[in-house]
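# Report on the structure
Below are the chains, spelled out letter by letter.
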Amino acid sequence: MNINIKDYAISESKPIKISSIDTKYEGKIEKEEGFKLFEELVAKLAKLQALLYADGSKSLLVVLQAMDAAGKDSTIRKVFGPVNPQGCKVVSFKNPNSIELAHDFLWRIHQNVPRHGHIGVFNRSYYEDVLIVKVKNLAPKEIVNKRYNHINAFESLLTDEGTKIVKFFLHISKDYQKDRLQERLDTPEKLWKFTTSDIQERSRWEDYQNAYETVFEKCSSPKNPWYIVPAERKWFRNLLVAKVLVETLESMDLKYPKAQFDPKDIVIP
């Protein structure tokens, strides 16, 4: 497969301009070939998830972030659809409630980290506390600035305790977002997805882009890189996410547990 996932990874803290990064795949893989490769990868992903469950000593946390209408829900449905739901949990983080607001910003997150043997998928995440909170000035600047270090420490803790973290940013252009939002308005069965706040959030496009750039600069490392996924070609978006996940799980040195008996000694009556 002519895809090197390292080409899409940000694995060190350095300034980055995401407007200079492509939002659509323009490589050598054709769409039909991509579909075939994707089916092979999701089949392998399902087997690796079963191995992760059997191993029981490690877990995988998948963080999905994006601008509105970039396709987070669709990505989750396509990539994780074949995975056994007993070993995979998707959590969507909405506005914190009064109880959550009475705790530190990572309190509700830590409760939803996948236990060993499981895959956890965060549809939006703790990064919202340095994205939307920053853009909308929902917390003092000095508080937000401290949170990057808190996030890095939190991720280091999870990594040290056996949770591998994979972070994806589904990258789209402002024009593409406009087309997707218009599609929601024009399609009766998709109209429920549209809210007037989508327009308000869209007006803050540059502020969000700047906030994401700060996240990539301050919260990228070799152990916990960000992957910038060109998301305007859905088939390639799904293919790249699946490939990263498969390669990540393959790197985790997972093993089936050794039997505590000799199967040759067992006779089933």
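The sections below set out a description of the structure shown in this document. None of the values given here were measured: they were computed from a predicted structure. (Residues numbered from 1 in each chain as written. Predicted model: local features only at pLDDT ≥ 70, side-chain atom pairs only at ≥ 80, totals over all residues. Heavy atoms only, no water.)

### Re the side chain of Arg 184
Within the fold, Arg 184 resides in helix H7 (residues 174-186). At 4.3 Å, Asp 198 is the nearest oppositely charged side chain to Arg 184, a buried residue that forms no salt bridge. With residues up to four places along the chain from it excluded, the contact list for Arg 184 reads Ala 69, Lys 190, Leu 191, Lys 193, Phe 194 and Asp 198. (Helix = DSSP H or I, 4+ residues; strand = E, 2+ residues; numbered from the N terminus. Buried < 20%, exposed > 50% of the residue type's maximum accessible area, 1.4 Å probe, protein only. Lys, Arg positive; Asp, Glu negative; His and termini not counted. Salt bridge = Lys/Arg side-chain N within 4 Å of Asp/Glu carboxyl O. Contact = heavy atoms within 4.5 Å.)

### Examining helix H2 (residues 72-80)
Owing to its 3.6 residues per turn, the α-helix brings residues three or four apart onto one side. Taken together, the buried positions of H2 are occupied by Lys 72, Ser 74, Thr 75, Ile 76, Val 79 and Phe 80. Residues of H2 that are buried make contact with helix H1 (31-55), strand E2 (59-66), strand E3 (88-92), strand E4 (119-123), strand E5 (163-171) and helix H10 (234-250).

### Re the sheet that holds strand E6 (residues 226-230)
Here six strands make up an open sheet; going across it, the order is E1-E6-E5-E2-E4-E3 and the pairing mixed. In this open sheet, the two edge strands, each paired with only one partner strand, are strand E1 (9-10) and E3. Here E2 runs beside E4; their pairing, made up of five bridges, is parallel. Residue pairing in the sheet places Leu 61 in a bridge with Gly 120 of E4. (Pairing = 2+ DSSP bridges.)

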